[in-house]
Structures are given as structure tokens and as C-alpha cells.
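Here is how the chains run, residue by residue.
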Amino acid sequence: MSADILPFERCLVEKYDRPGPRYTSYPTAPHFHEDFGVADYRQAVLVSQQVAQPRPLSIYVHVPFCESLCYYCGCSKIITHNRQRAAEYLDYLKREIVLQAELFNQARELTQLHLGGGTPTFLSNRQLGELIDCLAQHFQFASEAQREFSLEVDPRTVTPAQIHELRRLGFNRLSLGVQDFDPAVQEAVNRVQSEAEVRGLVEAAREAGFASVSVDLIYGLPLQTRESFARTLEQVIDIRPDRIASYSYAHLPHLFKAQRLIRDQDMPPPSRKLELLELTIERLTSAGYIYIGMDHFAQPDDDLCQARRDGSLQRNFQGYSTQAECDMVGLGVTSIGRVGNAWSQNVKTTAEYMACLDAGRLPILRGYRLSAEDVLRAEVITALMCHGRLRFRDIEQHHRIDFADHFSESLEQLREMVVDGLIEINEAEIRVQPAGRLMLRNVAMAFDAYLNPGTVRYSRTV
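What counts, and where the lines are drawn
Residue indices follow the written sequence of each chain, beginning from 1 at its first position. Under the rules for a predicted model, residues below a pLDDT of 70 receive no local features and side-chain atom pairs below 80 are neither given nor counted, while totals for whole chains, interfaces and linings still include all residues. Excluded from the side-chain calculation are hydrogens and water; included are all heavy atoms of the structure. Strand pairing requires that DSSP identify at least two bridges connecting the strands. Where helices and strands are cited, they refer to DSSP runs of H or I of at least four residues and of E of at least two residues respectively, numbered from the N terminus. Helix axes are fitted only over the stretch in contact, all axes being lines through C-alpha atoms; the angle between N-to-C directions runs from 0 to 180 degrees. Every residue pair with non-hydrogen atoms within 4.5 Å of one another is taken to be in contact. Using only the protein atoms, space was sampled on a 1 Å grid; points where a 1.4 Å probe fits but cannot get out form cavities, open sets with protein on both sides within 12 Å along at least five of seven lines form pockets, and lining residues are those with an atom within 4 Å of a point. Grid points are joined across faces, edges and corners, and a volume is the space filled by probe spheres set on the points. Note on residue categories: nonpolar means Ala, Val, Leu, Ile, Met, Phe, Trp, Tyr, Cys or Pro, charged means Asp, Glu, Lys or Arg, and polar means any other residue, Gly included.

Asker: What exactly am I supposed to notice about the sheet that holds strand β18 (residues 389–391) here?
Answerer: The strands making up a sheet are joined through hydrogen bonds of the backbone, oriented either antiparallel or parallel. With respect to topology, 3 strands assemble into an open sheet ordered β18-β20-β19, the strand pairing being antiparallel. Every interior strand has two partners, whereas the edge strands, β18 and β19 (423–425), have only one. In this sheet, neighbouring strand axes are inclined to one another by 10° on average, regardless of whether the strands run parallel or antiparallel. Relative to strand β20 (residues 429–432), β18 runs antiparallel, the two being bridged by 3 bridges. By the bridge assignment for β20, Arg 391 is matched with Glu 429. Sheet contacts for helix α12 (residues 372–387): β18 and β20; angle to β18, the most-contacted strand, approximately 140°. Contacts from helix α13 (residues 392–399) reach β18, β19 and β20, with the element oriented near 55° to β18.

Encoded structure:
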């Protein structure tokens with residue numbers, strides 16, 4: 001069976017649909033701790049620069065502001081119409097850029113930049129230009145052909161003319177938050193936008209020369225039906241974005257206050273979510289999109305598909321990425337970075353953020369320094385999540401272990417998935433079978449030394 005075929009076997013999906021991490025990091029963020037501070041981060045940067053060829057840099061900037069509240073959202077955000085807050089926040093971002101840049105060798109090129117939120121386009125194009133100028137002043141940008149500069153866009157907040165301006169600022173990738181085009185669903189989650197608005201922005205992005213445009217969808221939202229979501233999928237396919245991410249909605253009103261505004265009686269039953277997932281897979285793959293993994297689909301000529309084919313695909317807190325060998329610097333409140341073998345996360349409120357920078361101190365709240373065992377397990381999990389294949393010899397040579405002996409318990413945990421035809425294990429490798437590609441998180445969980453579902457609440461794996 002072709003690796004691009006994604007069979008949906010309902011009985012197996014139901015069997016393995018359980019809570020589990022998304023593995024955008026290992027160890028996962030709940031295991032970061034406040035014993036890790038600024039001195040630890042500085043040491044991690046220093047060590048990262050003592051190798052013969054230091055990695056290039058990736059920067060993530062978190063912009064927390066939104067004009068209105070989307071009821072489904074579990075992100076770190078601040079709802080406000082006060083544009084002065086954006087100007088003030090930008091001033092502090094510039095201070096943090098200066099402090100971070102002082103730590104890094106100027107020869108290390110910045111090859112990837114991603115703005116997330118919140119709503120990055122809460123900043124005006126002039127303010128975004130200031131941000132880019134500040135980064136360019138303090139970091140060495142890679143050539144335009146080699147860099148990936150992306151930002152998330154709320155279609156309600158920008159015009160086609162502004163899309164052209166964003167391209168002139170140097171952004172070459174866009175992600176548009178659509179979620180669903182059905183009017184009733186949009187009203188239920190307080191995010192009303194038309195298909196025409198989104199289509200106009202995608203057309204403007206193509207005219208402006210963006211290398212890639214992505215559309216985000218969510219299935220499992222209130223009032224969604226198979227028929228309504230089928231119409232949304234048809235509209236999105238007709239727009240023909242380069243990438244489509246279709247995320248499973250995690251309804252956790254006890255954790256996210258905004259979700260309490262969604263009426264319980266409007267929520268679809270769990271069985272419908274699986275119907276919507278099956279529908280999404282069927283419609284997108286029939287339309288020619290390739291399943292990358294973990295909610296992500298791309299057109300065959302997209303860079304993500306090429307990275308999947310050549311083995312350079314990676315995962316981070318923005319999802320799948322083509323930039324496999326970067327140290328990631330997080331800027332702004334709550335942002336997460338990974339430099340060398342250390343994870344770090346910034347403080348969670350703007351008040352704390354500003355107080356740290358007023359004191360001339362990096363706003364790091366917590367982090368995690370990986371042990372040799374953590375590095376080993378992270379490599380195993382990344383290989384499975386990104387490539388669906390793990391060659392034992394590669395791991396054994398890199399880490400000087402006997403795989404079967406070291407991971408005997410993990411291999412025992414995977415035995416049931418072998419019996420169910422989700423994975424194949426032989427003397428040389430683990431290979432995820434087509435029927436198992438929807439259960440990548442379940443496969444990875446067998447290698448997680450910290451997994452304790454009873455103490456951390458996770459979304460469901462399918």
C-alpha cells in the first residue's frame with residue numbers, strides 16, 4: 001500500500017483514541033520547571049556555540065493581543081481594542097531582541113521566523129516593519145531564498161492590500177485561521193468571517209509572491225455536522241491553499257474560561273468528531289493533498305512534502321517544519337525556545353515580562369535541561385512522529401546502546417499495535433503502517449519516560 005494512502009479504520013481509531021501529548025517537545029512543557037533560569041539559558045547558548053558549526057537560528061515571536069474572543073481558543077491571549085498596548089509591547093520586544101542577540105555569535109544566520117499569537121496582525125504593518133528592522137539590525141538574516149518568514153493572520157483583521165505590504169516586509173509564508181465557514185458554527189464560537197474574505201486574501205498572497213499559504217480548520221466545534229463541514233472542506237479545497245491543518249477541538253471548559261461560553265447542548269458527540277476526521281481525510285486526500293502527519297496536509301510540491309520525503313521534517317511548537325537543524329529562540333510572553341539541549345519558556349503575563357526587561361533581565365520563567373537519556377528518547381520520538389520509521393542501527397551508533405535491550409519495555413508496550421497492524425517491528429526497525437499513521441502519538445507514548453496521564457491533562461490522540 002502506498003505511504004500516501006491513509007486508511008481510516010473506525011474500530012482501531014476508537015480503540016486508540018485516548019489522552020496523550022502532541023510531542024511538540026520532549027520532555028513536554030508540563031515538565032519544565034522554575035529551577036531552570038537565566039543563568040542556565042546563558043550556559044545553553046554558550047555550549048551551543050562551542051561546536052565546529054553552530055546551528056542556524058529560528059525565532060518565534062508571540063503577540064498575545066486579539067480584538068475579540070474566539071470561544072474555542074485555549075491560547076495565551078489578551079482581548080483588547082487599545083492599540084497603545086501593542087506599541088508598548090513592541091518596545092519591550094525590541095529590548096528582548098537586544099538582550100538575546102548579545103548572547104549569540106553574529107555569524108549564526110537567522111533562517112526561520114514565525115509570528116504567532118494571539119493575533120500577530122494586531123500589530124500594524126508599520127509596527128511589524130519596526131519589528132523586522134530590529135531583528136535585522138541584531139541578527140544576521142539568511143538570504144531570502146534560504147529563509148522562511150511566516151506569520152499567522154486573522155482574516156478579519158487584514159485587507160488584500162496589507163497582504164502585499166507584508167510580502168514587501170519580507171514575510172514569505174502565511175497561515176490563515178478559518179476554522180469553519182458555516183455561519184451557525186461561526187456564531188457559536190464568536191468568529192464570523194466570510195469565504196469571500198479568505199479567498200481574497202489567498203489570491204492577494206499569490207499575487208504578492210508568497211511561497212506558501214496555509215489554512216487552519218478545526219473539527220469538533222459546536223453545531224458542526226458532517227454536511228456542514230463537508231461544505232467547508234469543499235470551499236477550502238476550491239481556494240486551494242498550499243497547506244491545510246485540520247485540528248481536533250479539545251473542549252476543556254474547566255481549563256479555559258472562554259470555552260464556558262459554548263453551550264453544552266451545541267457540542268457534537270464524540271462519534272461525530274471521528275466522522276468529521278474521516279470526512280476530512282477522505283476529502284483532502286481525494287483532492288490531491290498529502291497527509292504529512294498530526295493534522296497537517298500539503299500539496300505534493302510543497303516544501304513539507306519534500307522534507308517528509310528527504311527525512312528533514314521536524315516538529316516544534318508551531319507544528320511540522322522544514323527547518324530541522326535550528327536553535328529556536330522564543331520572544332514575548334509565554335514563548336518557548338530550544339537552544340542546544342535546553343528548553344526555556346518566558347514569563348506568562350505582560351506585567352512580569354515588562355518588569356524583567358525594565359530590570360535588564362531576560363524574561364525566562366522556567367525551562368528544562370535535557371539529560372543524555374532525554375536526548376535519546378527525543379530523537380526516537382521525533383523519528384517516529386516525523387518519518388514514521390525508526391532504524392535501530394542509527395540510534396545504536398549515535399547513542400552507543402543496544403536498542404532492543406535499552407527499550408525492552410517500550411517494545412513490549414508496542415506489541416498490541418503490531419498485532420493490530422498499526423506498526424511493524426523487525427530486527428532492523430520500527431515502521432508505522434498506513435493504518436497506524438493516525439496513531440503516531442500513541443506509538444511515541446511508548447518511549448516517553450515521563451508519561452503520567454493521571455497528573456497532566458492531555459488532548460485525545462486522534
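Asker: Looking at this model, I keep getting lost on empty space enclosed by the protein. Mind explaining?
Answerer: Any space left empty among the atoms is revealed by the rolling of a water-sized probe across them. Summed over the entire model, instances satisfying the criterion amount to 1 cavity of 30 Å³ or more. Empty space within the largest cavity amounts to approximately 40 Å³. Along its surface, the largest cavity is lined by Tyr 41, Gln 100, Met 328, Val 329, Gly 330, Ser 335, Ile 336, Gly 337, Ser 344, Gln 345, Asn 346 and Ile 364. When contributions to the lining of the largest cavity are tallied by element, the ones reaching two or more residues are β14 (327–331), β15 (336–339) and β16 (342–346). Residues that form the lining of the largest cavity fall into these classes: 5 nonpolar, 7 polar and no charged.

Asker: What exactly am I supposed to notice about the pairing of β20 here?
Answerer: The side chains of a regular strand alternate between both faces of the sheet. Sheet analysis places β19 next to β20, joined by 3 bridges and oriented antiparallel. In the strand pairing of β20, Ile 423 is matched with Val 432. Between β19 and the antiparallel strand that follows it, β20, lie 3 residues.

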